[in-house]
Amino acid sequence: MRRYLRIVVLCLACGFCSLLYAFSQLAVSLEEGADGGGGKPQAAVASWLAGGGRSTLRGAGPVAHPGGSDRYNLKIQPVEKMHLAVVACGERLEETMTMLKSAIIFSIKPLQFHIFAEDQLHHSFKGRLDSWSFLQTFNYTLYPITFPSENAAEWKKLFKPCASQRLFLPLILKEVDSLLYVDTDIVFLRPVDDIWSFLKKFNSTQIAAMAPEHEEPRIGWYNRFARHPYYGKTGVNSGVMLMNMTRMRRKYFKNDMTTVRLQWGDILMPLLKKYKLNITWGDQDLLNIMFSHNPESLFVFPCQWNYRPDHCIYGSNCQEAEEEGIFILHGNRGVYHDDKQPAFRAVYEALRNCSFEDDNIRSLLKPLELELQKTVHTYCGKIYKIFIKQLAKSVRDRYARSPKEK
């Protein structure tokens, strides 16, 4: 009898303890509910990441609860910045601002702009860029035009004013690992993130990426007229150049001046001295010479990533653009500012006049298509749909969603 009594008492004690535990858990749950809940900050972080980073959240740090408790604080990992460099001299302010705007409109990860400009342009750049600060999707740094002092005049006048500045970016931006350099007459028609992703496709020997100068050898310049070595069959165009600058600074380059391999900072001036009477396109020619001796160091991306008038003025010769559309438009030869290639100008003007408002961006496609239809009397205009194919997709992907979905 006593044994059964002990069992009953033990069961009652266990039941009482279980009841106390249940009440304590309920009290903790209610307390957390009053403090805002442990799951909500995580949901907020996930929402921001899914929205492409256009929120005002930036960098890393704890997510604080409204009630002051940090028991369930989460840390956001720092978001990788994409570094974009441009060199602007003379009357290039408006072109550069349009290029930067197109980069901001479609890109997902935050951008760091490195703008090298003549001193008289700094005030205008600062005023215009500061007026965009509400976007909180980019930072910028302005730099003076800088060349090695002993040869500054020679470098500055090479090809176009200041163009050869790009050759010295690995030496000036020593803390930057990777960089996308573009000419001022570039317009992005898809996120910078996509060309930035090529960095992960580099093999162990590749340090930079560019597109071919020509797709069709019969109209190629280098293979018909160059008086110096050049890369591949038709050379490469340096208007869009993706660089792993850490690798560039470390590499020792083969060359035709000495049996000793030279680093980036040591090879530039000897190259100029040897070939300055034989080069036409300045710094681009020097890059072609360098990579002709080091072909294993170059990653070549398709023509749609650097689409120029040469790809359509004599008939379409960029197959990738025909299939998928133009990804990056390069309006060299001043085609944004004359009537020789109205299809290029129409795209440039549409983005130049576009504001950052979502509705404005969504509504630019129809008027642009109507303008492009007016260009069908030109070879480039005959294939005008490739000018808006990727652009329409980029607008749809970034701006078709409702604000709640973003």
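Here's what I pulled together on the structure shown here.

The rules behind the values
- Residues numbered from 1 in each chain as written.
- Predicted model: local features only at pLDDT ≥ 70, side-chain atom pairs only at ≥ 80, totals over all residues.
- Heavy atoms only, no water.
- Helix = DSSP H or I, 4+ residues; strand = E, 2+ residues; numbered from the N terminus.
- Polar contact = N/O pair within 3.5 Å; in protein donor to acceptor, adjacent residues only side chain to side chain.
- Buried < 20%, exposed > 50% of the residue type's maximum accessible area, 1.4 Å probe, protein only.
- Pairing = 2+ DSSP bridges.
- Salt bridge = Lys/Arg side-chain N within 4 Å of Asp/Glu carboxyl O.
- Contact = heavy atoms within 4.5 Å.

**A few points about the environment of Arg362**
Turning to step 1, where the next piece is worked out: Mapped onto the elements of the fold, Arg362 is located in helix α14 (residues 358-362).
Turning to step 2, where the next piece is worked out: Along the backbone, Arg362 and Arg396 are 34 residues apart, and their C-alpha atoms lie at a distance of 7.7 Å.
Turning to step 3, where the next piece is worked out: A distance of 2.4 Å separates polar atoms of two side chains, one belonging to Arg362 and the other to Asp359.
Turning to step 4, where the next piece is worked out: Within polar-contact distance, the side chain of Arg362 engages the backbone oxygen of Tyr399 at 2.4 Å.

**A short note on the pairing of strand β7 (residues 236-244)**
Each regular strand displays side chains that alternate between the two surfaces of the sheet.
Turning to step 1, where the next piece is worked out: Of all nine residues making up β7, nine are buried, and the element is well covered by its neighbours.
Turning to step 2, where the next piece is worked out: Note that strand β4 (residues 178-182) and β7 share five bridges and pair antiparallel. Pairing of Ser178 across the sheet is with Asn244, part of β7.
Turning to step 3, where the next piece is worked out: Both strand β6 (residues 208-212) and β7 contribute to a ladder of four bridges, which runs antiparallel. Its bridge partner lying in β7, Pro212 is registered against Val236.

**Here's the deal with unusual backbone geometry**
Turning to step 1, where the next piece is worked out: The backbone of Gln136 sits at a positive phi, close to 55°, despite the residue not being glycine.
Turning to step 2, where the next piece is worked out: Of note, Gln136 is situated in the loop between α4 (119-130) and β3 (138-143).
Turning to step 3, where the next piece is worked out: For Gln136, a relative accessible area of 30% gives the class partly exposed.

**Notes on the pattern of salt bridges**
Turning to step 1, where the next piece is worked out: Tallied over the entire structure, the rule returns 20 salt bridges.
Turning to step 2, where the next piece is worked out: For Arg166, the salt bridge is made with Asp183, and the minimal N-O distance between the two is 3.6 Å. Remark: Asp183 occurs in the loop between β4 and β5 (186-188) and Arg166 occurs in the loop between α5 (152-156) and α6 (169-172); sequence separation between them is 17 residues. For the pair shown, Arg166 and Asp183 are each scored as buried.
Turning to step 3, where the next piece is worked out: Note that Arg345 is salt-bridged to Glu349, the shortest N-O span being 4.0 Å. Highlighted residues: Arg345 and Glu349, both in helix α13 (residues 342-352), separated by four residues, approximately one helical turn.

**Digging into α13**
Turning to step 1, where the next piece is worked out: Most of α13 is tucked away, with eight of its eleven residues classed as buried.
Turning to step 2, where the next piece is worked out: Taken residue by residue, α13 has Pro342, Ala343, Phe344, Ala346, Val347, Tyr348, Ala350 and Leu351 as its buried positions.
Turning to step 3, where the next piece is worked out: Those residues of α13 that are buried lie in contact with α3 (93-106), β5, β11 (328-330), α15 (365-373), α16 (379-382) and α17 (385-399).

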